[in-house]
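# Working through the structure, step by step
Here's the letter readout for the chains.
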Amino acid sequence: MQAPLRGGRAAAGAARPQPAPAAARLRRRAVAAATQQQQPHQQEAQELSMVLLASENLRRRLGRGLVPPAKLLAAVDAVDAADLALLLLGHPRAADGAATPVAPVLFANGAALSALGGAAVAGRAALQQLVLPAAVADALQRAAQAPPAPPAPPSTTQPQPQAAPPAGGCALLHDVAWPLPPGADSAGLTVPQLLVCPVCAPNDEPLGAALLFDAWRHDDGRLGVPGWPAVPPGELPTAQALQAAADAVRAQADAVRQLKQGQGLGNKEPAVVEAVARLQALKASLGRLEGLRGARRRGAPGAADG
């Protein structure tokens, strides 16, 4: 009789221990890593397609899109840098236990995310759906029933006239009170002017609507514009403050010019370096005041400078 091997198993016919499935584990890890790498690119592609759809629909309905043809591949960045808030919402639906409908957020640029509760810090993925004011829900329902956008006009190098009042199925809403989600900076905001335009897929199937606005007022009195989402009224500059800041920039620019041209100093001279740094700081301060002035003019209609 053959002696048993260590562990009491005979050599003949004994079941050998299976090796660890290292190759399978490596394959699974490789697939997971590839998926994680693809997800950001897929998200970027989806965002780009949403922006391009909204831009093309607006161009066909109003005569002017969001992004010029030369910037189509950088459309998301261009819209994020635009002086307006853009929301692309899907069809509204009834929410469980809620009196007002909600709509999925297909895209929101940075200004819209900042306006709707500071979600820009967490990114677009943080805003999945929105509770809709009644006026917006009605406008979205009408947008779903709007006819497809007319064919795009032929391309031309001649300048196109500015689009006049909303047309092509678009609606302009005034003083829209919008409740904000829990955890937002305030309970709600009011949008003085909100443009709602239907958005259709290339096959003319309704997808939802593009919402555009360039100013808002928080319930606590703060004003907002793109780049300045929540400005306390006390921080809004007066006309005198803006004029003083502009005068300071001009005076410092003259001082720099005098150092270079009057005294013949080079750019690396300590006096010139210090004067240029001062000029840059004054320009930054003036830019901030001019941005805040936008909050006064657009976020608080009828407010007088002074």
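Quick caveat, the model's predicted, so the values are computed rather than measured.

Another point: the overall build of the protein. Scanning the protein from N- to C-terminus turns up six helices and nine strands. By residue count, 34% of the 306 residues in the protein fall in the buried class. Partitioning the intrachain contacts of the protein with sequence separation of at least 6 by distance along the chain shows that 61% fall at a separation of at least 24.

Before going further, it helps to spend a moment on the pairing of strand β2 (residues 102-108). Buried residues dominate β2, accounting for five of its seven residues. Note: strand β1 (residues 85-89) against β2, three bridges, orientation antiparallel. Each bridged residue has a counterpart across the sheet, and for Leu 89 the counterpart in β2 is Val 105. In this sheet, strand β3 (residues 129-131) lies alongside β2 in antiparallel orientation, the contact comprising three bridges. Considered in β3, the bridge of Pro 104 is made with Gln 129.

This part is about the packing of aromatic side chains. In total, this model carries one aromatic pair according to the counting rule given. Ring plane angle 80 degrees and centroid distance 5.7 Å describe the contact between Phe 213 and Trp 216, whose orientation is recorded as edge-to-face. There is no split in this pair, since Phe 213 and Trp 216 are both buried.

To continue, consider the state of the cysteines. On inspection of all chains with the given rule, the structure shows one disulfide. For Cys 170, the disulfide goes to Cys 197, at an S-S distance of 2.0 Å. Its S-S torsion of approximately 120 degrees makes the covalent link between Cys 170 and Cys 197 right-handed. Here the residue Cys 170 occupies a position in the loop between α4 (134-144) and β4 (171-179), and Cys 197 occupies one in strand β5 (residues 188-200), the gap between them amounting to 27 residues. The residues Cys 170 and Cys 197 share a single accessibility class, namely buried.

A general tendency of soluble globular proteins is for nonpolar side chains to be buried together. Ranked by internal contacts, the top residues of the largest apolar core, which has 32 residues, are Leu 87, Leu 89, Val 136, Leu 140, Trp 178, Leu 194 and Leu 211. Mapped by element, the contributors of at least two residues to this core are β1, β2, α3 (110-115), α4, β4, β5 and β6 (206-213). For this core, the leading source of residues is α4, giving five residues. Not counting residues within four places of it along the chain, the set of residues in contact with Leu 211 comprises Ala 85, Leu 86, Leu 87, Leu 89, Val 136, Leu 140, Trp 178, Leu 194, Leu 195 and Val 196.

With that settled, consider the environment of Gln 258. Tracing the chain through its elements places Gln 258 in helix α5 (residues 239-262). Overall, the relative accessible area of 45% leaves Gln 258 in the partly exposed class.

The terminal C-alpha atoms of α5, which comprises 24 residues, lie 33 Å apart, in line with the 34 Å expected from a rise of 1.5 Å per residue. Along α5, the residues that are buried comprise Leu 242, Ala 245, Ala 246, Val 249, Gln 252, Val 256 and Leu 259. One or two steps after α5, the chain reaches Gly 264, where phi turns positive at roughly 70 degrees.

Quick look at the environment of Ala 284 now. Tracing the sequence through the fold places Ala 284 in helix α6 (residues 270-299). A residue is classified by how much of its surface remains accessible, and Ala 284, at 52% relative accessible area, is exposed. In this structure, the C-alpha to C-alpha distance between Ala 284 and Val 249, residues 35 residues apart in sequence, is 9.6 Å.

Conventions and cut-offs
- Residues numbered from 1 in each chain as written.
- Predicted model: local features only at pLDDT ≥ 70, side-chain atom pairs only at ≥ 80, totals over all residues.
- Heavy atoms only, no water.
- Helix = DSSP H or I, 4+ residues; strand = E, 2+ residues; numbered from the N terminus.
- Buried < 20%, exposed > 50% of the residue type's maximum accessible area, 1.4 Å probe, protein only.
- Contact = heavy atoms within 4.5 Å.
- Pairing = 2+ DSSP bridges.
- Phe/Tyr/Trp six-rings, centres within 6.5 Å; stacked < 30°, edge-to-face > 60°.
- Disulfide = S-S within 2.5 Å.
- Core = buried A, V, L, I, M, F, W, Y, C linked by side-chain atoms within 4.5 Å.
- Expected span 1.5 Å × (residues − 1).

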